[in-house]
Amino acid sequence: MSRFFASGYSDSDLSSSDEELLSTSEEELINSSTDEQEEEQDNDESSDSVFATEEESDDSSDDDYGARARGPSYFLKSSFAKNNYSDEDSESEGEGKKVVKSSKDKLLDEMRSLVDKIEIRRDVKEWIGLLTEFDKLNKLLTKARQQNLGIPRLYISMIAELDSTISEISNEEIKGLKADSSRAFNTTKQRTRRFVKEHAAEIEQYRANPEAFEKELDEQSEENTPKPSKALIDELITSLRTIQETRGKKNVDRDEQIATLEELVQDAKGNDFHSILVYLMLIPLRFESSSLVQSMPIDQWTKAKNEIIALLNILEKVRNEYVVTELATATDELGQEPEADKNGVKHILGSVTALVERLDDELTKSLQSTDPHATEYVDRLKDQSTVYQLLLANQLYLESIIEPAAYSQKEGEQLARVVLKRLENLYYKPTKLIIISEKVGWSKLTNKQSLIYPKFEESDNELEYCNGLINHLSSLLYKQTNSIFRKKAMLCQIYYYSFNDQYYKARDMFLMSHLQSTIHTSDIPLQVLFNRALVQLGLCAFRAGLLTESQQILQEICTSQKQKELLGQGSNQRQQPASQIDKQRLVPFHMHINLELLDCVYLTASLLLEIPQIIQQSSGRKASNKLQATKSFRRTLDYYNRQVFIGPPESTKDYIMRAASSLQAGKWEQAINFISSINIWSLFNNATGIKEMLYEKFQTEGLRSYIFANIFFYEKLSVKQLASLFKLPEAKVLAVVSKMIYNDEISASLDQFNQSIDLSKDYELSKLHELALSLADRCQQLAERNERLASGGHQSQSSNVKDQKKIYSK
Amino acid sequence: MAQLTPAEIEVAKKFDLTSKIIPFLDRHLIYPLIENLDLTYDEKTIKDLSYNLLKDTYMNKFINDLNPDKEISQDVLKKQKEIEAKSEVLEAETKETLNLLSKKEVQEQLKSDKNHNRRYLESQHGITENKIHALYEYGQIQYNKGDYVMASDLLANFRILSTNNELNVSSTWGRLACEILLLEWNNALEELSKLRELIDSRTSFNDPLLQLYNRTWVIHWSLFPYFKTANGLETLCDLFFSSSYLSTIQASCPWVLRYLVVAVISNNSKKLKDLVRVTAQESYQYADPFTNLIKALYLDFDFAQASQHLNDCEVILKTDFFLNNEDENLPLISKKFITNAKKLIIQVYVKCYGRISLEALSETLNLTKQELKDLISSLDLKNATLDDEKLIINHTSTKIYQQVSDKVKSLGYKSNQLLENFAK
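Residues numbered from 1 in each chain as written. Chains lettered and ligands numbered in written order. Predicted model: local features only at pLDDT ≥ 70, side-chain atom pairs only at ≥ 80, totals over all residues. Heavy atoms only, no water.

Caption draft 1: Summary view of the overall build of chain A. When you go through chain A residue by residue, the secondary structure sums to 39 helices and 5 strands. The 810 residues of chain A split such that 51% are buried. Nonlocal contacts in chain A, meaning residues at least 24 apart in sequence, comprise 71% of its contacts between residues at least 6 apart. (Helix = DSSP H or I, 4+ residues; strand = E, 2+ residues; numbered from the N terminus. Buried < 20%, exposed > 50% of the residue type's maximum accessible area, 1.4 Å probe, protein only. Contact = heavy atoms within 4.5 Å.)

Here's what the structure looks like:
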C-alpha cells in the first residue's frame, strides 16, 4: 500500500472524508462558541470509517491528492468543505479536481517521468545514467516528504524492481563493468539496499502481490480494523518528524503546520500513543505561532485549551499504559514507543504542565493588553475558571503519576509548578471567591480527590477550608529545592492572610521569611509580589486598628515616587512608552491594589499619629523620639495650611488634610466627619467597622491633642468635662491621661477627689533648656549605639534565629 | 487545703496549663502534675488519667494499686515477665562494670580523656562498648521501674565512659528527670546547666528545629527545680530573658509567660520593662490572668481590671502545680507575688494620681484600709503625706539641671567600660 495515498482519500470514500471534513468545520464552529466537549464525540463516530478509508486508498490517479490537499491549500480545503459538505460525492470529486492543481501534482508528475527513465536505464543496465536519475528522484522524494506527502507508491515499486534487478546481476557482470559505471552501480546498490532495509514491510507487500499493492482490495476496507495500519502510522510519524525538523526555523509557515497537525489529530484517533504525540507537538506549535503578537488570538487560545483538555482526557484514560513526564528519556526515533518500566508504563517525554502554564500565561498576556474597563476584559476573565479547572485536572493527573514521597524530588517539580500556578490563581482573592473558584474547578472532576488537599464540601467552614488549602499548597512548595518556589509561595500566603484579615499570621510569616534582606536581588516579578504582599499587610494592619504598624509598613512604598511601578500597576513615566517586557511585568487589572485607597489609608494613619505629636512639639514640650516623623505628611499639611483660600474638599487627600487641620484646631468631630465622608472606605469589606474603629481613634487622639494644646492655658481640667467633650466614658479619659502621665508625655497628676487633672506648671522650657536636653538625649543615643556595635550587633541576629525556628516549627 | 468554690474551679479549669505542658514532659514527670489536679477535678478522673499515663511504665505494683478493680491482662503479665528477665540479665552484666569502677586502683588510672579511659578499660579489664551500653539500657529500665536513685547512678557512670554524643545527651536528660523526681534540686540544677551547655553550643545541633525542641524541653523541665530552690526564680528570669530562650518561648510555648510573670513580679526583678514588652507582643496568641494583669496595668491603665485579674491569679496560684509551692523552707511564691503585684498597682496609681482617696483605692484593690496603709507605707514614697482619708503626693518634676545631669551621668562610665572591653 502506498504511503502517499494513505494520506489521501480515494474517490469511493469521499463520503466519509466529507464526514471528517464536516466534523472539522464543525469543530471550528464549536471552538468559536467555546464548547469543547462535543467535538470529540462527533469525531469518535466517524473515526472508524476514517481509518478504514485511509487504508484502502489505492488509485494512483491525480485526483486523490487533491481530496486531501494539505499545506498551502488548506484554506481551500476548508472553504471547500464548508461549501460542499452536503453535496453529492461526484460533485465534490469534481471540485476536488480543481483544487488538485497544486505543486504536489507537478512533483508527482516529475517523479513519474523520472521513474520511467530509471526503468528504461535499468533495463539496459546503464548505471551511470541511472544513478543521476536516481539522485534526482531522491531529491524530489525529500521535497515530497517536506510537503507531508509520504513516500509515493510508485517509488516503492520502482525500488523493489530495482532491488531485484540488482540482486540478479552476477558478480561476473559487475566485474565486466567499467570503473565509473561500477562505482555508480555500487552507489545505487547501497542506496537501494538501505531503502529496502528501512521499508522492508512495504517492499515485502509489493513483492507478495504487485497487483494488489497498486489496487487496494475492497474487502480490506470492509473489515473495519480499529487500528490504523502500519503504513498509516509511518506516514503520521513522518509528518510529525518533518514538522519537528523545522521547529524553530525561520520561514516556516506555522499556520500550515498547525493545519497539518490538526488533520493528524484525526488520523491518530484510536491510537493513544500517536494522539499523545500529535497533541504534544500541536499545542506548543500553536503557542509558538502567536509568540510574535502581543497576545494570543482568542480563537487560537480556545483551540489550544480544548486540545489540552483532550490530551488530558486521553492521558487520564491510558494512565496505566502511557505517562507523559518531563523526566522521560527521549527516544531515538520519533515514532518509537519508549520502553516500558517495571509496571508496564511507558514514559513519554513531554510536559502537560508546561502547556497549562503557557495557557495561563497567554491568558494573562491577553488580559494585560485588553482595556480593563471594557466588557471584553470581563469576558476574557471568565476563561480563568477554565484555566483553573485545567490546572486542577493537571494537578490530579500529576498526583496520580508521582509518588508523594517524590514531591520534593526532581520529579515533583512539575507538580510544584502546577500548584504554584494554582496558588497564583487564588492568593489575591477573598475567601468567598476562592470557594467559588474551587467549586467551579472541581465541578468537572466529580468522584476524584486530591492528595494534597481535598475538595470543598458544603459542611466545611469556608475560612478554615481556604486557610487549609493555601497552607497545603504552600507547604508542598516549601519542600521544593528551588528557592523561587518557596519565596513565591511564602509571599502568596502572606498576601492571602493579609487580604483576609489574619494580620498576626501574615506578619509572623513576613518576619520569618527574611525576604526583606534579600528581595532586592530577586528578579522583578518577585519584587513586585513582595511589594504587593507588603502593602496588603499594611492595609490589613490598618483594618485591625494597628495604626503605627500600618503606617510603618506602608511608609516606604507610599512615599515613593514610583508607587505604580513598585506594585506592577503601570508606569509613572509618561514620556517614555513602556517596553514590551515592562508591559509583561504588569499585574493584570483585576489583581490591582487600589492606589487611592492605599494613599487614603496611609495618610489617615499618619494623621492620627502625627497630629498629637505636632501639637506637642509646637507647645514647647520635648517630643518623644519614639516615632519617626513622616516628613511627607508634614510637608503636605504645611502646604495645605499655608493656602489662602481653602475650597471644599474634592479628592481623598483634600478630605484627609481638612480632617488634619480640624483635629489640629481641636475639632475632632469635624475631623471624623471629613474622614468618614470619604467614599473609598466602602472598598473595604466591613467599611462600617473601620469607620467605627476610626471614630474611636479620633476620640482618643483628639483628647490627646487637646491636652497637649491646652497644657499651658489651664491649671486644672475636669475629667467630666473632657469626657463629655470627646464623648468618652470617664474611665477611658482617665486611662488615656494616666498613660500620658506615666509615659512622661505631660507633667500632671490626677485628683481623685475633684475628678480633675492637675496640670503642673513647674517649668516651661527656655530655648537653652530644650537644647541641653536634646543634646543629652543625643549623647545617650550615641553611647547606646556604640554599645550595640561593640557587642557585634547580636541583638538583631538572635531575632533572626527565632524567626527561622518559627518557620521550621510550622 | 481549702476547697475551691465552683466559680474558682471554673477559672482554674479555664486557665489550666497541664494539657499544654504535658507534651513537653516525660511520663514520670507528668505524674506529679496530674496528682496536683485534685483541686479542680474529681478523684476518679485523676485516677484514670494516672493509670493511662503510667500503664506503659514498668512500675507494676504502683499501677496495680491505681487500678485494683480491673483484671490484669495476659499481655501485661507477659510484658512484666519479659522486663524482669531482661533486667536480670542486664543487672548481671552491669554489676561487673560497676564493681570495677568502684575499685580504687581503677579510679586512679582514669583520667579526663575519655578515649584514653576506654582503651585502658578495654585492654586491662575487658570492658567493651557493649558493656558500657548495658549501663545505659539498665538505667533506662530502672528509671521506668521507678528506681530513680539506681537509674541516676547508672546513667552517671555511663556518661563517664561513653563517647557517644547522642546517648550522652539523652542520659543527661535521664539524670535530670531522676533528680527532679527524687527532689534533689541542687543536683537537678547541675544537670540542667550541663544540658544547657550541650544544647546551646553551636556544634551540637545541625538542625535548628531540633535545637528548638530541646530548648522547649529545657524551659519546661527547668520549671521544676527553679520554682523549688531559693534563688531559682532569679536564674529563671535570667534564662528566660536570654534572647534565644525568649524567642523560643515566643515561638513555641507562649504559656510559659505565666511563670515568667510570676517570677518577675514576685522577685521584684528589674526586667519589668522587658516583661511588659513581651506580654504585649504575645497578647494576640496567649492570654491568662497573669499576662492580662500586666496588660491592664501597664498598657491600658485600667486599675479596676488589673485588680480583677489579680483575683483570678490568686485562684491559679492555688491550683497550678509549679506555683502552689508549699515547701516551708522557702518563702511562699504565691504570697510574694500577690503582695508585690498589689504594690506595683499602687506604684503606678501613685505615679498618675496626686490626690488619692484611700477609700476608693481600697475598694478597687480589694483591701482593707489598714492593709492599704501598710502597703503604702512600705513603699516609702517621697513627698507623700498620708492620713486617714487620703494620700497626697506632691508631684514635682525634676529640675532641668537634674534631668540633664541624670542623663549624662552614666555616659562617662559606660564609655570607659567600652574602651576597656576593646582593649581586652
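From this point, things continue past the structure.
Caption draft 2: Examining the overall build of chain B more closely. Of the regular secondary structure elements, chain B holds 23 helices and 3 strands. Considering only residue pairs separated by 6 or more positions, chain B has 62% of its internal contacts joining residues 24 or more positions apart.

Caption draft 3: A look at the packing of helix 31 (residues 595-618) of chain A against helix 32 (residues 631-642) of chain A. Residue and element names in this part refer to chain A. Where helix 31 meets helix 32, the axes come as close as 10 Å, and the angle between the chain directions of the two elements is 75 degrees. One finds that helix 31 runs roughly perpendicular with respect to helix 32. Counting all contacts with helix 31, which are made through Tyr602, Leu603, Ser606, Leu607, Glu610, Ile611, Gln613, Ile614 and Gln617, the residues of helix 32 involved are Ser632, Phe633, Arg634 and Leu637. A class-by-class count of the residues in the contact of helix 31 with helix 32 yields 7 nonpolar, 4 polar and 2 charged. (Axes fitted to C-alpha atoms, helices over the stretch in contact; angles between N-to-C directions. Parallel < 35°, antiparallel > 145°, perpendicular 65-115°, else oblique. Nonpolar A, V, L, I, M, F, W, Y, C, P; charged D, E, K, R; others polar.)

Caption draft 4: Representation of the nonpolar core in the model. Counting residues in each nonpolar core, the largest one holds 274 residues, and the members touching the most others are A:Ile276, A:Phe542, A:Leu607, A:Trp681, B:Phe227 and B:Phe337. If one sorts the elements of this core by residue count, helix 31 of chain A sits on top with 13 residues. In terms of nonpolar packing, the next biggest core, distinct from the first, is built from 30 residues, A:Leu114, A:Leu130, A:Ile156 and A:Ala160 among them. (Core = buried A, V, L, I, M, F, W, Y, C linked by side-chain atoms within 4.5 Å.)

Caption draft 5: Quick look at the confidence of the model for chain A. In this model, chain A carries a mean pLDDT of 74, and residues with pLDDT of at least 70 account for 74%. Note that residues 216-228 of chain A has pLDDT below 50 and, in this model, 15 contacts with residues that lie over four places away or in other chains. (pLDDT = per-residue confidence, 0-100.)

Caption draft 6: Representation of the UniProt feature "coiled-coil region" (unreviewed entry) in chain B in the model. According to UniProt, the feature "coiled-coil region" (unreviewed entry) maps to residues 358-389 of chain B in the numbering used here. The straight-line gap between the two end C-alpha atoms of residues 358-389 of chain B is 6 Å; of that span, 59% is helix and 9% is strand. (UniProt positions renumbered as here; feature names shortened; annotations may be inferred.)

Caption draft 7: Structural context of the environment of A:Ile646. Residue and element names in this part refer to chain A. Inspection of the secondary structure puts Ile646 in the loop between helix 32 and helix 33 (652-664). Sequence-wise, Ile646 and Arg658 are 12 residues apart; in three dimensions their C-alpha atoms are separated by 9.0 Å. Excluding residues within four positions of it along the chain, Ile646 makes contact with Tyr640 and Arg658.

Caption draft 8: Fine view of the sheet that holds strand 3 (residues 716-718) of chain A. Pairing in this open sheet of 6 strands is mixed, and the strands run 3(A)-5(A)-4(A)-1(B)-3(B)-2(B) from one edge to the other. The sheet is open, and its two edges are formed by strand 3 of chain A together with strand 2 (384-386) of chain B, each paired on a single side. When strand polarity is set aside, the average angle formed by the axes of neighbouring strands in this sheet is 15 degrees. Contacts from helix 21 (residues 358-365) of chain B reach strand 1 (353-357), strand 2 and strand 3 (390-393) of chain B, with the element oriented near 80 degrees to strand 1 of chain B. (Pairing = 2+ DSSP bridges.)

Caption draft 9: Examining the interface of chain B and chain A more closely. Contact residues are listed per partner, giving 41 residues for chain B and 37 residues for chain A. For the pairing of chain B and chain A, the buried interface totals around 3700 Å² over both sides, and the portion due to carbon and sulfur atoms is 63%. When residues of chain B are sorted by the area they lose upon contact with chain A, B:Tyr284, B:Arg355 and B:Lys407 head the list and together hold 17% of the total. For the pair chain B and chain A, the number of links is 1 salt bridge. We note a salt bridge from B:Arg355 to A:Asp751, for which the minimum N-O separation is 2.6 Å. Our enumeration of links across chain B and chain A arrives at 11 residue pairs in polar contact (both at pLDDT 80 or more). Elements represented by at least two residues in the side of chain B that touches chain A include exactly helix 13 (208-226), helix 15 (243-252), helix 18 (289-300), helix 20 (333-352), strand 1 and helix 23 (400-423) of chain B. If you tally residues by element for the side of chain B that touches chain A, the top one is helix 23 of chain B, at 10 residues. Bridging between strand 4 (residues 748-751) of chain A and strand 1 of chain B involves 2 bridges; their strand directions are parallel. Residue pairing for strand 1 of chain B: A:Asp751 is matched across the bridge by B:Arg355. (Buried area = accessible area lost by both parts, 1.4 Å probe. Salt bridge = Lys/Arg side-chain N within 4 Å of Asp/Glu carboxyl O. Polar contact = N/O pair within 3.5 Å; in protein donor to acceptor, adjacent residues only side chain to side chain.)

Caption draft 10: Fine view of the environment of B:Ile127. Residue and element names in this part refer to chain B. For Ile127, the location among the structural elements is in the loop between helix 8 (114-125) and helix 9 (129-145). A relative accessible area of 2% means that Ile127 is categorised as buried. Sequence-wise, Ile127 and Leu100 are 27 residues apart; in three dimensions their C-alpha atoms are separated by 9.3 Å. With sequence-adjacent residues up to four places away left out, Ile127 is seen in contact with Thr97, Leu100, Leu121, Glu122 and Ile132.

Caption draft 11: Inspection of the pattern of salt bridges at higher detail. Taken as a whole and judged by the stated rule, the model has 27 salt bridges over all chains. A salt bridge links B:Arg258 to B:Asp320; its shortest N-O distance comes to 2.8 Å. In this pair, B:Arg258 is assigned in helix 16 (residues 257-266) and B:Asp320 in the loop between helix 19 (303-319) and helix 20, connecting sequence segments 62 residues apart. As far as burial versus exposure is concerned, B:Arg258 and B:Asp320 are alike and both buried. Where B:Asp406 meets B:Lys409, a salt bridge forms, and the shortest distance between an N and an O atom there is 3.8 Å. Of this pair, B:Asp406 and B:Lys409 both sit in helix 23, 3 residues apart, roughly one helical turn. Overall, B:Lys409 belongs to the exposed group, its relative accessible area being 63%. The network of salt bridges with common partners includes A:Asp360, A:Asp361, A:Lys421, A:Glu424 and A:Lys488.

Caption draft 12: Main features of the pairing of strand 1 of chain B. All names here are of chain B. Of all the 5 residues making up strand 1, 4 are buried; the element is thus mostly covered by neighbouring parts of the structure. Pairing of strand 1 with strand 3 involves 3 bridges; the strand directions are antiparallel. Bridge pairing links Ile356 to Leu391 in strand 3.

Caption draft 13: Inspection of the packing of aromatic side chains at higher detail. Counted by the stated rule, this structure contains 30 aromatic pairs over all chains. Residues B:Trp173 and B:Trp221 carry aromatic rings whose centres are separated by 4.8 Å and whose planes lie at 75 degrees to one another, so their mutual orientation is edge-to-face. Here the residue B:Trp173 occupies a position in helix 11 (residues 165-181), and B:Trp221 occupies one in helix 13, the gap between them amounting to 48 residues. The burial state of B:Trp173 is the same as that of B:Trp221; both residues are buried. Members of the aromatic cluster, joined through ring pairs, are B:Phe224, B:Phe227, B:Tyr259, B:Phe321 and B:Phe322. Sitting above the plane of the A:Trp301 ring, A:Arg380 keeps its charged end 4.7 Å from the centroid. (Phe/Tyr/Trp six-rings, centres within 6.5 Å; stacked < 30°, edge-to-face > 60°. Lys NZ or Arg CZ within 6 Å of the ring centre and 35° of its normal.)

Caption draft 14: Summary view of unusual backbone geometry. All names here are of chain B. Of note in this structure, Leu183 is not a glycine but carries a positive phi near 60 degrees. The residue Leu183 is located in the loop between helix 11 and helix 12 (185-200) in this model. For Leu183, a relative accessible area of 55% translates into the label exposed. Of note, Phe301 is a non-glycine position whose phi angle comes to about 50 degrees, a positive value. With respect to the helices and strands, the residue Phe301 is situated in the loop between helix 18 and helix 19.

Caption draft 15: Spotlight on helix 19 (residues 352-368) of chain A. Residue and element names in this part refer to chain A. Taking 1.5 Å per residue as the helical rise, helix 19 with its 17 residues ought to reach 24 Å, and the 24 Å between its terminal C-alpha atoms agrees with that figure. Three or more residues of helix 19 are buried, namely Val352, Thr353, Leu355, Val356, Glu357, Leu359, Asp360, Glu362, Leu363, Ser366 and Leu367. Its buried side turned inward, helix 19 meets helix 17 (272-289), helix 18 (298-317), strand 1 (322-325), helix 20 (375-401) and helix 21 (412-426). The opening residue of helix 19 is Ser351, an N-cap whose side-chain oxygen sits 3.4 Å from the backbone nitrogen of Thr353. (Expected span 1.5 Å × (residues − 1).)

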